[in-house]
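# Residue-level structural notes
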Amino acid sequence: MAVAKLTASAIQCHLGTQLALNNISLTAEPGQLTGIIGTNGAGKSTLLSVLAGVQSNFRGHVSIGNKQLEQMTSNERARHIAYLPQNPQVHWDLTAQQVTELGRVPYRRRFNWLGPLTAADQQAVTAAMAATQCEDLAPRPIQSLSNGERMRVHLARVLAVKAPIILVDEPTTGLDPYQQIHCLEVLRDEARQGGTVVMVLHDLDLAARFCDQLLLLHNNQVLSHGSPAEVLTPAHLLTAYRIKPPAGLAFNGLNLANWEKQTD
Amino acid sequence: MHIGFRKLLLLLAVTTLCLFCLSLMLPSNILSTNGAAPFLLLELLNDDTDIAQTILIELRIPRATLALFVGASLGLAGAAMQGLLRNPLAEPGVVGVSGSAALGATLAFYTGLATIAPLALPLGGIAGALAAVIVLFSMAGKRAGTTTLLLAGIAINAIAGALTALVLNLSPNPFAAMEIIFWQMGSLADRSLLHLQLAGPLMAAGWILILLAAPATRALSLGEVTAASLGTNVRTTQRQIIVGTALCVGAGVAVTGVIGFVGLVVPHLLRKLCANDPAKLLLASAGGGATLLLAADIAVRCIPVGTELKLGVITALLGAPFFLYLIFQLRTLEQ
Amino acid sequence: MGISIFSRLGLCIIVAVLAPIASYGTAAGTTEKLRIASFNLCTDTLLLQYADPQQVASITWLSSDENLSPIATYAQQFHRNQGRAEDILRLSVDLVLTGPSTSTATRAMLRHMHVPTLHLDDATSINALSINIRRLTQAIGQSARGKESLLQMHEKLTEITNTADKTPKDQWPYAAFLQPNGLTVGYGSLSNELLNLAGFRNSATLLGLRTYQRFPLESLLRAQPDLLIAPTDQPKYPALAQELLQHPALSGTMLRHQIDPSTLICATSRIADVAMTLATKRQQLVR
C-alpha cells in the first residue's frame, strides 16, 4: 500500500457565524493511529471533515505528502482518503455487498457505470470484507443488520477504497464492548500495514489503549498533543472535561492493559 | 424473481417497441354503424386515396411517439427525483412539478406568446417546472423527511392549480375556461408532429442530463458527505438532476397536460428488479414509463367509452391507490 | 272634519271612471314603452334585431364579443349584465328574456322579485325558430316586424328548395361541420336541417354522431366529406379549442368553407342567408 503523511497547518474554520476551528495544526504519520478527542462541540468532527476534503469553508492548508489537497482533483483525493462520517446512512435497501462495493466508486470509469466490477475491484471488496469479518453478511440488506454488523460493513466500505489515509468519525458509537474493540483492532491493523489512520473518539479508555498519538481539542483549539501519557494528564483532563481523579488515590494513569477481548 | 439487468432492459425495449407498433396499427373505436375500421396496415396496403397514409403520419405517429417520449420522461424524472431527494414518494405529479409546468405552459399559450414564438410553449413549461424543483429542493433537499416533502408538494400543487385556473378564466377567449380539464388531466389526443418537434428535442436533452448524473446517484445512497468523499461532485449532480427533470417534465406537460403517477409507480415496481441500484433504476424507469404510457394510451383510444377518456384519469386511477399503499408501507417502516 | 262623505264619494266615482280611461291610454302606449332585459346570448340577438333601441334595458356581456355575436358593435352601447337578477335591480325592467343557460337560481329570483319573464329554448329547427321569433316579437310589442322578418326568411328558404336540382337524396354530396374542439352537429339540430335544405348529407349522421359530440379526426378523414364547414381563422386570443382546427391532418384536399361562427351560434332569421351560401357552394361542387 502506498504510504502518505497527512499534514494540516493553521486550519481556521467557520460554521455559519460560529468559529469552529481556531488555528489547528496536526501531523499524522503513516503506520500510526492518531486520535482526536475533546468534549462535544470542541470541533472534532469539523476537523475531520476538513481533513477529508469535504468541507470547503476553511482557511489553512491540508497536504498529503508534499501535495496540497486543493491541487488534487476530487477523484485523486478520493483515492487517497477514505472517510467515514458520524452515523453513516444508507438510503436504499442495499445489501452489505453493494455497500462495500460503493467503496470502489473512485475507481469506476466515468461512462462504464452499467458494467460489472473489474477484477481489481472485486479483489479489494473481498479483502475488505474478510478483514472486517463480514463475508457472511454479504447478501443481507444492510437495514436488517444489527448496529455492530452495520458498522463492520461501513468499515469494509472504507477499507475497499484501499486509500493510504483513513479518516473515521466515532466508529464505536452504539457498539457493545466486543464490537468496539474489534472495530479498533481492524483500524490498528490497517495502520500497522502502513496506513495513516485518524479517528475521532469519544471514549478516553479506548483512545489511550489504541492510539499512538492524541490530539486534545478544547474551545476549538488544540489544548495538547502527543502520546496518550503526555495528553491524558489530570491537569489536561480537568481543563478539557472538568473531571478529576478521586481524592486520596495515587494517579497511575489510565490502565486498560489488563482488559482482554472475550473470544469464544 | 431474479432477472438480470440486461435482460430487463431488453424486455422493456421489446415491449415498448411492440406497444408502439400496436399503437400505430390498432383501429380507434368510433361510434360507427358500419363496424370498426380495420388494422391500419391493411388500409395502407390497399390505399389509393392517401387517407391511411395521412392518418398514419399526421395522427398516429405523433401520438405514439409522444406517448413513448413523455412516458420515458416521466418515468426517468420520477426515478431521478427519488434519487435526488432520497425519498420513494418523490414524483413530478405528486410534488407539484407537473402542476407548475402546466402553469408555465398556460401562461405562454393563453397570453398569445406561443402564437408568436411556438418554442415559448415548452420553454414556459420548463420554466414552471424548474421553479418548482428548486423550491422543493431547497425545502426538502437536506435532511427533511417525507412529511416535509409531501407538504411542500401539496402547497406547490395548490398554488400552481389556482394560478392556472386564474390564467384560464382571465383569458378573453370563451373556450379557455373549460380547457382546465385538459391541463389537469392530460391527453395525447390529436397531438400533431409540430408538438413532437417542439417538445421532443427538449425532452431528449433532459434525458441526457439526467443520465450524466446517473453514476453519482449510487454514491449519493450513502449521503451527500460520504458521496463527496468518494469523489462525487454533489453540487453538479444536483444541478444536472434538477435541470434535467425540469426539461423532461416541463416540455412534456406543455404538450400533453399533467399526467401523474407514472414516475411513482414505475420506479417502485422496478426497484427490486434493479437490485436497488439507483443508477440502473434510471434507465429501467425510462423504459417502464414508456411502456406504461403507451399501454394506457392504447387503452384510452381503442376501448369504447363514449367520448375518449383523458389519459391522466387512467394513470390516476392506477397510481393514486398505489400512492396510498406506498404511504402505508412507509409508515409501518418508520414505526 | 276634512272631506265630507259626499266629496269622498265623488272622488271615488271620478277615480273609478277615469282609471280605465287612463290605463287604456297607458295600455295602448305600454308595449312600446316596455323595457326589456335579456339574460341569454341568443335572446339578446333576437331582442336587438326586433326591438327599438329605447326598449332594450340590458343585454348580456357576451353580445359585445365579436366572436359570438353578429351585431357586436351595435350591442356595445347598451347596458351589460352578467345574467344575474341583481344586475337589473336598479333598472326599471318590465320583462326579462331567459334562455337555457340562465340558471334556475336566477329564474327563481326573478319570480321572487315579481318580474315577468319569457323563456325561449334554443331553436333546434326552422319551425322552432319561427315560433320563438313570433313569441318574442309579440311579447315586446313588435309583432309586425316579426311577421315581416319571418316572411322574408321563408321566401328565401322556399327559393332554395325550388331552385334545387332534383337528384335523389342518396346522391347528394357530403358536408361536415367542425367547430372549436372538433364538435359537430347531428340529427335534430338547426344546422343539420339547413345542411339538408341546401342539398347536403351530413357526414356526422353517417357515423351516428349527435350534436356537440367530437368528430374524431381520423373518422373525419375517412368520411371524406366534400365540404368541410369550419369557423373562420384564429381569434385574437388563443385556446386549444381552435388549435384543433389547424391540425396538419386537415390540411389536405378537403374543400373548406369558412363560416363566421357568430352566424350559427344563435339562430336568427339570417339562417336563410347561411342556407343560400351553402346551396351556392353545392352548385359549385356538383358542376
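Sequence order as written defines residue numbering, which begins from 1 separately in each chain. Here chains are named by letter from A upward and ligands by number from 1 upward, in the order in which they appear as written. At least 70 in pLDDT is required for a residue's local features to be given in this predicted model, at least 80 for side-chain atom pairs to be given and counted, and no such filter applies to totals for whole chains, interfaces and linings, which use all residues.

For the rest of this paragraph, the subject is the overall build of chain C. Numbering of helices and strands starts at the N terminus; helices are DSSP runs of H or I of at least 4 residues and strands are runs of E of at least 2. In terms of regular secondary structure, chain C is built from 12 helices and 9 strands. Our exposure labels follow a C-beta count within 10 Å of each residue's own C-beta, placed from the backbone: buried means 20 or more other C-beta atoms, exposed means 12 or fewer, and partly exposed covers the counts in between. Residue burial in chain C is summarised as follows: out of 287 residues, 39% are buried. Here the contact rule is simple: place C-beta atoms from the backbone, and any two residues whose C-beta atoms are within 7 Å are in contact. In chain C, 62% of the contacts between residues at least 6 apart in sequence involve partners at least 24 apart.

Glancing now at the environment of His119 of chain C. Residue and element names in this part refer to chain C. Among the secondary structure elements, His119 is positioned in strand β5 (residues 117-119). With 15 C-beta atoms packed within 10 Å, His119 lands in the partly exposed category. Separated by 19 residues in sequence, His119 and Pro100 place their C-alpha atoms 8.1 Å apart.

Let us look at the interface of chain A and chain B. Many authors give the size of an interface as the accessible area that is lost as the parts come together. Opposite the 21 residues of chain A that make contact, chain B presents 18 residues. Those elements giving two or more residues to the side of chain A that touches chain B turn out to be α2 (74-80) and β6 (81-84) of chain A. Under the convention adopted here, Pro, Cys and the residues Ala, Val, Leu, Ile, Met, Phe, Trp and Tyr are nonpolar, Asp, Glu, Lys and Arg are charged, and Gly plus all remaining residues are polar. Here the residues of the side of chain A that touches chain B sort into 14 nonpolar, 4 polar and 3 charged.

Next up on the list: unusual backbone geometry. All names here are of chain A. You will see that Asn219, though not glycine, has its phi angle at about 55 degrees, which is positive. Relative to the helices and strands, Asn219 resides in the loop between β9 (213-218) and β10 (221-226). C-beta crowding within 10 Å serves as the criterion here: with 15 such atoms nearby, Asn219 is assigned to the partly exposed category. Positive phi values are uncommon outside glycine, yet Asn220 reaches one of about 65 degrees. Inspection of the secondary structure assignment puts Asn220 in the loop between β9 and β10. Overall, Asn220 belongs to the buried group, with 20 C-beta atoms counted inside 10 Å.

Here the focus is the arrangement of the chains. Looking at the 2 pairs of chains with contacts, the pair that accumulates the most is chains B and C. Here chain A and chain C are not in contact; the least distance found between their C-alpha atoms is 41 Å.

Here we come to the confidence of the model for chain C. Residue and element names in this part refer to chain C. Per residue, pLDDT measures the predictor's confidence, with a range of 0 to 100. On average, residues of chain C score 83 in pLDDT, and 88% of them are at 70 or above. In this model residues 19-29 is a low-confidence stretch, pLDDT under 50, and it forms 0 contacts with partners more than four residues away in sequence or in other chains. Under the prediction, the complex receives an ipTM of 0.90, its pTM being 0.85.

Below, the discussion takes up the pairing of β10 of chain A. It is a general feature of regular strands that their side chains alternate between the two faces of the sheet. Residues and elements named next belong to chain A. Pairing geometry for β9 and β10, over 5 bridges, is antiparallel. Its bridge partner lying in β10, Leu216 is registered against Ser224. Any two strands with at least two DSSP bridges between them are considered paired. The loop that links β9 with its antiparallel partner β10 comprises 2 residues; one of these, Asn219, has a positive phi angle of about 55 degrees.

Attention shifts here to the interface of chain B and chain C. With 27 residues of chain B in contact, the opposing surface of chain C contributes 24 residues. Elements represented by at least two residues in the side of chain B that touches chain C include exactly α3 (51-85) and α4 (97-110) of chain B. Per element, the largest residue contribution to the side of chain B that touches chain C is 5 residues, and it comes from α3 of chain B. Looking at the side of chain B that touches chain C residue by residue, the class counts come to 14 nonpolar, 10 polar and 3 charged.

Our focus in this paragraph is the sheet that holds strand β8 (residues 196-200) of chain A. All names here are of chain A. Here 6 strands make up an open sheet; going across it, the order is β6-β7-β8-β3-β9-β10 and the pairing mixed. Here the strands that pair on one side only, and so sit at the sheet edges, are β6 and β10. Strand-to-strand twist in this sheet, taken as the mean axis angle between neighbours without regard to direction, amounts to 15 degrees. Only the stretch in contact is used when fitting a helix axis, every axis being a line fitted to C-alpha atoms; angles between N-to-C directions are given from 0 to 180 degrees.

A few words now on the sheet that holds strand β2 (residues 18-28) of chain A. Residue and element names in this part refer to chain A. A sheet is described by the order of its strands in space; here 4 strands give the open sequence β2-β1-β4-β5, paired in antiparallel fashion. Of all the strands in the sheet, the pair left with one neighbour each is β2 and β5 (67-68). Against the sheet, helix α1 (residues 44-52) makes contact with β1 (6-15), β2 and β4 (58-64), and its axis sits at roughly 120 degrees relative to β1, the strand it touches most.

Every α-helix carries 3.6 residues per turn, so stepping three or four residues along brings you back to the same face. All names here are of chain B. Here a helix's expected span is defined as the number of its residues, less one, multiplied by 1.5 Å. An ideal rise of 1.5 Å per residue puts 30 Å on 21 residues; helix α1 (residues 5-25) measures up with 30 Å between its terminal C-alpha atoms. Taken together, the buried positions of α1 are Leu12, Thr16, Leu19 and Ser23. Viewed end-on, α1 has its buried residues packed into an arc of 70 degrees, placing them on one side of the element. For α1, the exposed residues set more than 90 degrees away from the buried face come down to Arg6, Lys7, Val14 and Cys18. Looking at the packing, one finds that the buried side of α1 touches α3 and α14 (278-302). The arc under discussion is defined with respect to the helix axis, by the directions toward the C-beta atoms.

Before going further, it helps to examine the packing of α4 of chain B against helix α6 (residues 120-140) of chain B. All names here are of chain B. Taken N-terminus to C-terminus, the directions of α4 and α6 make an angle of 145 degrees; their axes are 7 Å apart at the nearest point. Relative to α6, α4 is oriented so that their crossing is right-handed. Of the residues in α6, those touching α4 at Val97, Ser100, Ala101, Leu103, Gly104, Ala105, Leu107, Ala108 and Phe109 are Ala120, Leu121, Gly124, Gly125, Ala127, Gly128, Ala129, Ala131, Ala132 and Val133. Class assignment for the residues of the contact of α4 with α6 results in 14 nonpolar, 5 polar and no charged. Should the near helix be turned anticlockwise from the far one by less than a right angle, the crossing is termed left-handed; should it be turned clockwise, right-handed.

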